[in-house]
Every structure is written in structure tokens, then in C-alpha cells.
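Single-letter residue listing:
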There are 2 protein chains.
Amino acid sequence: MQPRPRTIPEATVARLAVYLRVLATLADGGRSTVSSGELASAAGVNPAGLRKDLSHLGPCGVRGVGYDVALLRDRLTRVLGVERAHGCVLVGIGNLGSALADYAGFGTRGFEFVGLFDASPARIGQRIGSLQVRALDELEDVVAATGASIGVLTTPAEVAQRVCDRLAAAGVRSILNFAPVTLTAPAGVDVRKVDLSVELQVLAFLGQQRVPAGVGESA
Amino acid sequence: MQPRPRTIPEATVARLAVYLRVLATLADGGRSTVSSGELASAAGVNPAGLRKDLSHLGPCGVRGVGYDVALLRDRLTRVLGVERAHGCVLVGIGNLGSALADYAGFGTRGFEFVGLFDASPARIGQRIGSLQVRALDELEDVVAATGASIGVLTTPAEVAQRVCDRLAAAGVRSILNFAPVTLTAPAGVDVRKVDLSVELQVLAFLGQQRVPAGVGESA
DNA sequence: CGGTGTGAACTCTTTCACAGCG
DNA sequence: CGCTGTGAAAGAGTTCACACCG
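Small disclaimer: the values here were computed from a predicted structure and weren't measured.

Chemist: Even after reading the chapter, I still don't get the pairing of strand 8 (residues 174-177) of chain B, so can you show me in this structure?
Modeler: Two faces, one strand: in a regular strand the side chains alternate between the faces of the sheet. Residue and element names in this part refer to chain B. Burial along strand 8 is two-sided: Ser-174 and Leu-176 and Ile-175 and Asn-177, pointing in opposite directions, are all buried. As paired elements, strand 8 and strand 9 (residues 190-193) share four bridges and run parallel to each other. Following the sheet pairing, Ile-175 is matched in strand 9 by Val-191.

This is the structure in C-alpha cells:
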């Protein structure tokens, strides 16, 4: 039906974001074209897989040559929907929250914090970057006023679900959760989780898998 | 052959870590048994999938009743290899690094920072928690002395690969990378990546997918 | 020729349905 | 009768091999 079958696998989308980062670096370095092999190597994936990922956007390379760096970068930017900056609100200004609020990587990639919130009076009023920490009460008003579409949670686990509910009710459509709980959100609201403990535990497991004996020292 | 076929899918391992967290919370709350349904709901997964995940450890529930909370928690702790604390070194003590160094969640879950490193003289000597930031030169010595098995990277992207190489050479077997680059590590060294920009971009994409029109408000 | 785009084979995961034990 | 444990089916996602175009 559609010329672009609106179905790009989520795994592919995540990799497209990686390709975009690599392309941005290449463009900064003055490169004008790349082959799938080189791009795949820089992104840590299989070349054929990369080509399949890109095939979801329709043809965007030149056979026998490769991909135009700037062109592909712009295309990915549009597809991912980061051509225009997305407003983000950050709730929970502890150590991690402060670090994220200050993290330069966001602004340069199509995301901008438009509100920082905390429940603790001690934090309220504190300046981080160009923003001032506000009381949690103002959450709904700020979301409405700024049209923020993304919420980032760095609160303690106990309050994360409640804040999630408020964000969803206020009209935020996407939530990135750093609190170590599994959130439930209404349909239409996407939640992604980053759990540092889980990552470390997976590493611990993989590490012990290899230990038992000096397994395959290849060649 | 083996009573425990050493092959637990990585996707399963990640979920086991989530189950472990939920079980710890339940145990703290005084619960003694859970059903797969309840546990699955708290972990945000399908009950049948949870049972299949647990089946990789051999039978560990009681039919008609459910799972013993404390028993299953201890079992998962052993399987994941976090019964004994793992030493971690953290390289790159910027905002994010400082936040992680201070993050209580690690110590309580079988991980302990045994060394903090930074290249900047301004950071060296600074105290965070019970540790003092050391010069990057000391990295190899500290890894050797402490037997640290995990490295956490919160350096700028430009130096991440070099630090990764040093960590691997020093004997670190697992690396958790927060720098926005794809790392290459020798065989036998596992790398996991946490890329905040990628997470946000995936959310941006999913968000715009739903926007076009009031799509399927079901029922 | 070189490198892209893609159908087909393969592997890995998830889901379902039900057998089996308490 | 309830809930676990599990084979079998369905579904994603990944890899391969090669046709096709510049």
C-alpha cells in the first residue's frame, strides 16, 4: 500500500541512531562517501545487516560507490524525527539527574531540556546550566506550556510510577526511565528503561561463563 | 550431557536480573511466595515467558503454589554470579562518572567500585564516597592489585577506545561503556553499551510514529 | 569490477496450549 | 483444582548469497 511501509523494526531504529552518530563524525571529518562495510565496521554491525536496515528507507546509496555521508545523515535525521528539537523534562535532580541535565550530548542531538523538577525544597531554585530546578507541582504547567514530549525519570524507585502517571496525564508521550522499577504507562505512551544494575549483572554472568577454564584461546 | 546446559540466552539473563530486583523488593516486604503471574506482572513480561526463563535453572517452583521468594532470589543471585561482590573500576570522573561513583544502587547489588580514575589533574585527589580519584597512570596497578573484573567507561568519546584497550590488557573481562562510540575489544572481553542519545532517538521515532492521526484508539 | 539492494535460509525469541505434579 | 514446567508453533530478527546497477 504505502510507498514506505511504516514498519521499521525497533532493533533497526536503534541501529539507525548509531549510524547517524557515526555519519555525523564522518561528516565533521570531511568525508563525503562511505561504503556499507566501513560504516558497519564503525558501528559494530554486519555490513549486510546495515544495508538491510537502510533498505527500510528506500534506496539511498549509489551502487559501486557507497553512501553520500551528508545525504544519508540528513535522511536519518528526518526519519528518526530529530530534525526539530524535542523538549524534555527531567524529574529527580539527584546525582544522576544533575549529570544528565548538564550533559552536552543531548542538546547537540536534537533534544533540549525545558524543565528540571525535584520534590526536595533543598534542590528547588538551584541552577543547572541555563535552567533552574522547579517544584514538582509545576510539572503539569511546564509540560503544557513548553509542549515537552519526552520525560526523563531519575527519581528514587518509590516515586517513579507516580511521576510516570503524572507525566503521561500531562501529555508526555515518551518516557526514559532510570529508576530501578518496571513502569506501567497507558497505551500511546512509550517507555524505555535504562537499568545500570541489570547491565552490570549481565556482564557478571557473561564474565563467569568464560572463567571456568582457559577456554578457547583461538589460534 | 550436563545437568545444566550452560546455555542461557542473553535476553533471558537480562530478565533474570529484573526478576532478582523484584524478588529482593518482595522479600523486603515480607512476602514468602509468588506466582509466575504476579512476578511477571511486576517485571513487565509475559507469565509463560517468565516460566520459560526460570526453566533454564531447572525446577525451582512448587506446582499449585508458586515460587519461594527467598529461595528463588538466592538461586538467581548465584546463577548471575553476584553472590560475591565484583570489583569495578570507573574511568572518567565527569558529571556522569561522579554520579555513578556515588550511586548507592551498585554496592547493594553485588558491585563495588575499587578505583576511580581521571586524566585531569584537577580531578585527581578529589574524594567521592570512600574513594579518592587517581591518575590514569595507576590504572593497571590498581586492576592488578584489586583483581577488578569490570570496567565502567564515562570518558569523552575520543579516549574511550584507548582506555578500553588498556582495561582489556590489564585483565578486565567486562566493560560497560557510556561513551558515545562503538568499542572494539579483544575476544574474551564483553562490552555492553549504554547510549542515552540512542535511547532518546528511539523514543523520538516511536513518538512520531503515533502522531500522524488519532490512530487506533482501540474499542 | 565494486558495492548496493534483497529474496531466501537460518537462528534466536516469544507465545501458546497443555501435560504433570502438589 | 491451581500453577508450574515444557514441547511445539509462530514470529522476529539476522546472516548469507547473489542479482543488479553504475
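Chemist: What's the story with the pattern of salt bridges in this structure? I'm lost.
Modeler: Working definition: two side chains of opposite charge can pair if their charged atoms are close together. Here the structure, examined in full by the defined rule, presents 16 salt bridges over all chains. Arg-21 of chain A serves as the salt-bridge partner of Asp-195 of chain B, at 3.4 Å between the closest nitrogen and oxygen. Here Asp-195 of chain B is found in the loop between strand 9 and helix 9 (196-210), whereas its partner Arg-21 of chain A is found in helix 1 (residues 10-28) on a different chain. Exposure class is identical for Asp-195 of chain B and Arg-21 of chain A. Each is buried. The shortest N-O distance in the salt bridge between Glu-38 of chain A and Arg-31 of chain A comes to 2.8 Å. On the accessibility criterion, Glu-38 of chain A (36% relative accessible area) is partly exposed.

Chemist: Quick question: what am I supposed to make of the UniProt feature "binding site: NAD(+)" (unreviewed entry) in chain A here?
Modeler: Residue and element names in this part refer to chain A. The positions that UniProt labels "binding site: NAD(+)" (unreviewed entry) are, in the present scheme, Gly-92, Ile-93, Gly-94, Asn-95, Leu-96 and Gly-97. On the secondary structure map, Gly-92 appears in the loop between strand 3 (86-91) and helix 5 (95-101). Residue Gly-92 is classed as buried on the basis of its relative accessible area of 8%. Those residues in contact with Gly-92 that lie beyond four places of it in its chain are Gly-97, Phe-117, Asp-118, Thr-154 and Thr-155. With respect to the helices and strands, the residue Ile-93 is situated in the loop between strand 3 and helix 5. The class for Ile-93 is buried, based on a relative accessible area of 0%. In this view, Ile-93 contacts Ser-98, Leu-116, Phe-117, Asp-118, Arg-123, Ile-128 and Val-133; residues no more than four positions away in its chain are not counted.

Chemist: Could you clarify how one ought to interpret the interface of chain A and chain B in this entry?
Modeler: A common way to express how large an interface is: the accessible area buried when the components associate. Facing 60 residues of chain A, the contacting portion of chain B comprises 60 residues. Around 5,400 Å² of area is buried between chain A and chain B when both sides are counted, 65% of it from carbon and sulfur atoms. A per-residue breakdown of the area chain A buries against chain B is headed by Leu-200, Gln-201 and Leu-203 of chain A, which together make up 13% of the total. Taken together, the links from chain A to chain B amount to four salt bridges. With its nearest N and O atoms 2.6 Å apart, the salt bridge here joins Arg-192 of chain B to Glu-199 of chain A. Across the contact surface, chain A and chain B share 13 residue pairs in polar contact (both at pLDDT 80 or more). The element contributing the most residues to the side of chain A that touches chain B is helix 9 (residues 196-210) of chain A, with 15 residues. Here the side of chain A that touches chain B is built from residues that sort into 34 nonpolar, 13 polar and 13 charged.

About the thresholds
Residues numbered from 1 in each chain as written. Chains lettered and ligands numbered in written order. Predicted model: local features only at pLDDT ≥ 70, side-chain atom pairs only at ≥ 80, totals over all residues. Heavy atoms only, no water. Buried < 20%, exposed > 50% of the residue type's maximum accessible area, 1.4 Å probe, protein only. Helix = DSSP H or I, 4+ residues; strand = E, 2+ residues; numbered from the N terminus. Pairing = 2+ DSSP bridges. Salt bridge = Lys/Arg side-chain N within 4 Å of Asp/Glu carboxyl O. UniProt positions renumbered as here; feature names shortened; annotations may be inferred. Contact = heavy atoms within 4.5 Å. Buried area = accessible area lost by both parts, 1.4 Å probe. Polar contact = N/O pair within 3.5 Å; in protein donor to acceptor, adjacent residues only side chain to side chain. Nonpolar A, V, L, I, M, F, W, Y, C, P; charged D, E, K, R; others polar.

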